[in-house]
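# Residue-level structure breakdown
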Amino acid sequence: MKKSSVRTKSLLILFLITFFVTNSFAQDSGRKLISLNDQWEFKKENGVTEKVNLPHTWNDKDVMDDEPGYYRGLGIYKRKLKLDDSAKGKDIYLVFNGVAQEAEVLINGKTAGKHIGSYTRFTVAITPFLNYKDDVIEVRVTNRFNEDIPPLTADFTFFGGIYRNVNLLITNPVHFSQKENGSSGVFITTPQVSAATAKVQVKSIIENLSLAKKVQIQTTIFNAQGKEILSQISTLNMLSGGNDTVVQELNNIKQPELWSPESPYLYRIVTKIIDMKTKTVLDQVSNPLGFRWFKFDANQGFFLNDKPLKLIGASRHQDYEYLGNATPDALQIRDVELLKKMGGNFLRVAHYPQDPLVLEACDRLGILASVEIPVINTITESETFTKNCLDMQVEMIRQNFNHPSIIIWAYMNEILLRTKFENDKPRQQIYFDHVRELAQKLEDLTRKEDPSRYTLLVNHGAWDIYNKVGLTKIPMIIGWNLYNGWYSGSPADFAKFLDQHHKELADKPMLVTEYGADADPRIRSFSPVRFDKSVEYCIYFNQIYLNEMLKRPFVSGGMAWNLADFNSETREETMPHINNKGLLTIGRKPKDTYFLYQAYLADQPYLKITSAQWQDRTGVADSASLFCTQPLQVATNLKSAELFLNGKSLGIKEAVDHVCSWQVPFVDGLNQLRVVAGNKSDETDINFQLQPYRFTDQLVSFKNMNVLLGSKRFYIDENQHQLWMPDQPYRKGSWGWIGGEPYKGTNNRITYGSDKNILDTNDDPIYQTQQVGIQQFKMDVPDGEYELSLYFAELVGGISKEALVYNLDNTHKKEVEENRIFSVLINGATFLNNINLAKDFGYTTAIIKKTRVTVQNGKGITIDFTPVEGKAVLNALQLRKVY
Ligand code: GCB
């Protein structure tokens, strides 16, 4: 081949490529959508300007500090918009996927649009405001409290900002309507569907912002392989400024592939507007299509495509570790993948509509879903509040209408949690009437907007009040958020509640829309109890709940609260500002409970050492031995399994509620564990730091120990790689406390330790328990040089903020502060003289007092606590042998 012809050929290819690219918008879809996530400038009101990319929130950092609250005010975003001449004559929009919570969009200083509410998309038409030269977009956003915008209060953080993607949309003057509440303008239903045949109805809303035009609306269904299945063309004479609705029926689709969790078969519907004269595509949108039908039955539960299906899954919040709600696309999608991998088939999109990517992932992965608006805990009895609720419901329904995964629209969560007017019963009745009226309005609106799906109203476990107010009569399905054995009573009460529903609301289908117990993955316990935040209590709680739900066909399903830990600013507890009820951590690491769910839900043999997550352990050796016996658990759906420690069998154990447990004699250092069942196996290494039973036995050499006083918990400090263990009463030759009792809080609190935020530390659990009235702490350590640290925090008093409904103990403010003054002596010498924790250091503040101790003459270490006023306390103690 001659050189010149190669050149000619490549030029031709280049030309063809260029031609294809530049014409692809005009020829192919008629519209251009491009993200505008970069190049923004941001400042808080009176703040300094910084460069940011979207998604962005201004609260990602201030929710993590010890200060209560976070910035709720104005934030201003600015960006240049460069449009070339090709944009002239087009219709131009900004599409905001989520801005929290009120937004005003200005173009070149003039208001182009406004939106209320943090969780739904909105589109702003900007064409009339453009100069096509040096256009500037300004978005003024506020997350200030506004009594007319739900949510008013809730157990999650109301991050402010443009926290979802923003797009620029350029369309021809004739296009699918951008006035349909942020929807695509195309609405798909399947009025008839069975395994044999299906009918699809497509309603398109088209607007013409230029001269009269004759157009065709072409709707085509493609199968998953991209093959055209059916197409239909309608003709439309559009007047200038016209807004028309075209309804097309695509009938007789034989033996459609059905959509289900096992086989989420997706068709695609492409709808085009074609200019009759030029045959050019003026606009085009694509939507998913899934063929499925479903039913909820009050006695037999849920059916999908005529087959019974227990809906099991989780609720999800949209925020992420260190990012607040500005969670990037990939992580949003990953959450749905993690739910699928867990074996879940249902996502409760709670407590508000989430990023469109989430529901697209549900469609693709076969996860059924409910979506709800954030009307939570309480309402404002105003017309504007009602209007905002109704607007949000319409936006939610229209924007998400075409997702085959969605089967339920919901609209209220625990709306009677915060009952107002407790001291004025007649007024309270009026409030209840308003709540019921709002529920009825939302119900009627939902049924009108979308008669093809179910409606759901979610209550907390206060049976009487929801029935009394009449809220259990309104929706098609009732959701109960049940926390028996967490916030109240015992886990056994859960089954009683379910049976009560079945008996007294016999014709209402029901879902357990929430249940859960907090698990701080750093906390473990061999005597798990309610509120200790241990992983072990959470496992026990979930076993009971899963068993009871699976047993009862009338329970259509259950959604764990929550898929992942999430930000909740008002919470304190072991991980302040975080709700720890996730099956995953806030950074999406699986907790043992996630493995438990896999064991319950897997359809393949499953075997997993759950305690493998607890790879660094510590404990006191059994009497006169070189090992410490501690339990180890394996989650499985097999009948039994055999465990090996360093190659030696520890026996076969039967699974009880999907868990096998062994008592493992851990040796100091490396312990190799392997579990085997049939041809499945799993293994892990556990590093054990053995503490001597008695220092005087000299069996185990002592290096260091970290002891939590007044506690039965183990605490894993991941940052400093320190392992903390529970205390023990003093034993001769060993160590322990003398005198006193564990901190129980005031006012007969039922919490474990304190649930207050301990200031100046991230290791709150070290300080949240203590021995009150301690007289001595003795360690009969051999002679040598030691470093001793005493940990203190004043747990009583000091709370000035209002009692918070979500704190485990919401009686803080009633605490009576007492003077507490005491001295600490080490081996007879004064170490701390007349200290007053509250006065000297501040309430609930982490204090570490460290010193060196030379142990001689076989005397060990004796720490004396001598009270001057009130009782002496000790929260934790660390002893390290130097040499
Ligand atoms: C609930 C709420 C949810 C909370 C959860 C909890 O009932 O619906 O928003 O986060 O309890 O953890 O207390």
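On a predicted model such as this, the values are computed, not experimentally measured, just so you know. (Residues numbered from 1 in each chain as written. Predicted model: local features only at pLDDT ≥ 70, side-chain atom pairs only at ≥ 80, totals over all residues.)

Next up on the list: the overall build of the chain. A count of helical and extended segments in the chain gives 11 helices and 56 strands. Computed over the C-alpha atoms, the radius of gyration of the chain is 31 Å, within 12% of the 29 Å expected from 2.2 N^0.38 for a compact globule of 883 residues. Counting over 883 residues, the chain shows a buried share of 48%. At a minimum sequence separation of 6, the contacts of the chain that also span at least 24 residues come to 70%. (Helix = DSSP H or I, 4+ residues; strand = E, 2+ residues; numbered from the N terminus. Rg over C-alpha atoms; globule rule 2.2 N^0.38 Å. Buried ≥ 20, exposed ≤ 12 C-beta atoms within 10 Å, placed from the backbone. Contact = placed C-beta atoms within 7 Å.)

Contacts to the ligand come from 12 residues, most closely from D155, E414, N481, N579 and K581. Looking at the shell around the ligand residue by residue, the classes come out as 3 nonpolar, 5 polar and 4 charged. (Near = placed C-beta within 6 Å. Nonpolar A, V, L, I, M, F, W, Y, C, P; charged D, E, K, R; others polar.)

In this section: the pairing of strand β25 (residues 346-349). A two-sided burial pattern is seen for β25, the buried positions comprising F346 and R348 on one face and L347 and V349 on the other. In this sheet, β25 lies alongside strand β24 (residues 311-316) in parallel orientation, the contact comprising 4 bridges. Bridge pairing in β25 links R316 to V349. Assessed by its sense of winding, the connection that carries the chain from β24 through helix α2 (residues 329-342) to β25 is right-handed. Pairing geometry for β25 and strand β26 (residues 368-372), over 4 bridges, is parallel. The residue bridging V349 from the neighbouring strand is V371, located in β26. In this view, the connection linking β25 to its parallel neighbour β26 by way of helix α3 (residues 356-365) has right-handed handedness. (Pairing = 2+ DSSP bridges. Right-handed = clockwise from strand over helix to strand, strands pointing away.)

Our next topic: the UniProt feature "domain: Glycoside hydrolase family 2 catalytic" (unreviewed entry) in the chain. Per the UniProt entry, the sites bearing "domain: Glycoside hydrolase family 2 catalytic" (unreviewed entry) are residues 300-600 in this numbering. With 38% helix and 20% strand, residues 300-600 has end C-alpha atoms that lie 21 Å from one another. (UniProt positions renumbered as here; feature names shortened; annotations may be inferred.)

Now for the domain arrangement of the chain. If you check the domain split of the chain, you get domain 1 (1-27), domain 2 (32-176), domain 3 (186-289), domain 4 (310-597), domain 5 (604-691) and domain 6 (698-881). A straight line from the C-alpha centre of domain 1 to that of domain 4 covers 56 Å. (Domains from an automatic or database assignment.)

Attention now moves to the nonpolar core. Formed by 194 residues in total, the largest nonpolar core has its most connected members in L347, A369, L457, L874, A876 and L877. Here the element with the most residues in this core is helix α8 (residues 535-551); it accounts for 9 residues. Those residues in contact with L877, other than ones at most four positions away along the chain, are V707, L709, F777, L790 and Y791. Residues A100, A112, I126 and V141 belong to the second largest nonpolar core, which totals 30 residues. (Core = buried A, V, L, I, M, F, W, Y, C linked by C-beta atoms within 7 Å.)

Turning next to the UniProt feature "domain: Glycosyl hydrolases family 2 sugar binding" (unreviewed entry) in the chain. Mapped onto the present numbering, the UniProt feature "domain: Glycosyl hydrolases family 2 sugar binding" (unreviewed entry) falls on residues 34-170. Along residues 34-170 one finds 0% helix and 42% strand; the C-alpha atoms at either end are 9 Å apart.

With that settled, consider unusual backbone geometry. Cis peptide bonds are those with omega within 30 degrees of zero, and the linkage from A100 to Q101 qualifies with -10°. As for its placement among the helices and strands, Q101 is situated in the loop between β6 (99-100) and β7 (102-107). Of note, the amide linkage connecting A350 to H351 takes the cis form, showing an omega dihedral of -5°. Positive phi, normally seen in glycine, also occurs at D657, with a value near 50°. With respect to the secondary-structure elements, D657 resides in the loop between β39 (648-654) and β40 (659-667).

With respect to topology, 4 strands assemble into an open sheet ordered β1-β12-β5-β9, the strand pairing being antiparallel. Edge positions in the sheet fall to β1 (32-35) and β9 (122-125), since each has one partner strand and no second. Pairwise comparison of adjacent strand axes, ignoring direction, gives a mean angle of 25° for this sheet. Bridge count between strand β5 (residues 91-96) and strand β12 (residues 166-171): 6 bridges; the pairing is antiparallel. Bridge pairing links V95 to N167 in β12. (Axes fitted to C-alpha atoms, helices over the stretch in contact; angles between N-to-C directions.)

Among the secondary structure elements, N834 is positioned in strand β52 (residues 829-835). You can call N834 partly exposed: it has 13 C-beta atoms within 10 Å. Excluding anything up to four places from it in sequence, N834 contacts I821, S823 and V868.

The next point concerns the environment of V200. Looking at where V200 falls in the secondary structure, it is placed in strand β15 (residues 197-208). In this structure V200 comes out as buried when scored by C-beta crowding, with 25 C-beta atoms within 10 Å. Excluding anything up to four places from it in sequence, V200 contacts I188, T190, I221, L250, I253 and L289.

Turning next to the sheet that holds strand β48 (residues 771-772). Taking strand neighbours across the sheet as the criterion, the 3 strands line up as β47-β48-β55 in an open arrangement whose pairing is antiparallel. In this open sheet, the two edge strands, each paired with only one partner strand, are β47 (741-742) and β55 (873-874). Pairing of β47 with β48 involves 2 bridges; the strand directions are antiparallel. Each residue of the ladder has a partner; that of P742, found in β48, is Q771.

If you check α8, its first and last C-alpha atoms are 24 Å apart, about what 17 residues at 1.5 Å a residue would give, namely 24 Å. Within α8, 12 of the 17 residues are buried, which leaves it mostly tucked inside the rest of the structure. All of the buried residues in α8 are V535, E536, Y537, C538, I539, Y540, F541, N542, Y545, L546, E548 and M549. Tucked inside the fold, the buried residues of α8 contact α7 (492-504), β30 (510-514), β31 (523-525), β32 (555-560) and α9 (592-601). (Expected span 1.5 Å × (residues − 1).)

Okay, the packing of helix α4 (residues 383-400) against helix α5 (residues 425-449) next. One way to put it is that α4 packs onto α5 with a least axis distance of 10 Å and a crossing angle of 25°. By the angle class used here, α4 and α5 are roughly parallel. Between α4 and α5 lies a crossing whose hand is right-handed. Every residue of α5 that contacts α4 at T386, C389, L390, Q393, V394 and I397 is listed here: L438, K441, L442, L445, T446 and E449. Taken together, the residues of the contact of α4 with α5 sort by class into 7 nonpolar, 3 polar and 2 charged. (Parallel < 35°, antiparallel > 145°, perpendicular 65-115°, else oblique. Left-handed = near helix turned anticlockwise from the far one by under 90°.)

What follows concerns the pairing of strand β14 (residues 186-193). Successive side chains on a regular strand alternate, one facing one side of the sheet and the next facing the other. Pairing of β14 with β15, which is carried by 6 bridges, proceeds in the antiparallel orientation. Along β15, the bridge assignment pairs I188 with V202. Hairpin connection from β14 to β15: 3 residues lie between these consecutive antiparallel strands.

Moving on: α4. Its 18 residues give α4 an end-to-end C-alpha distance of 26 Å, which sits within 8% of 26 Å, the value for a rise of 1.5 Å per residue. Within α4, the full set of buried residues consists of F385, N388, C389, M392, Q393, V394, E395, M396, I397, R398, Q399 and N400. Next to the buried residues of α4 lie β8 (110-116), α3, β26, β27 (406-413) and α5.

Moving on, we come to the packing of α7 against α8. For the pair α7 and α8, the least separation of the axes is 9 Å and the interaxial angle reads 25°. Taken together, the axes of α7 and α8 are roughly parallel relative to one another. When you trace α7 past α8, the crossing you get is right-handed. Across the interface between the two elements, F494, A495 and L498 from α7 touch I544, Y545 and E548 from α8. For the contact of α7 with α8, a count of residues per class yields 5 nonpolar, no polar and 1 charged.

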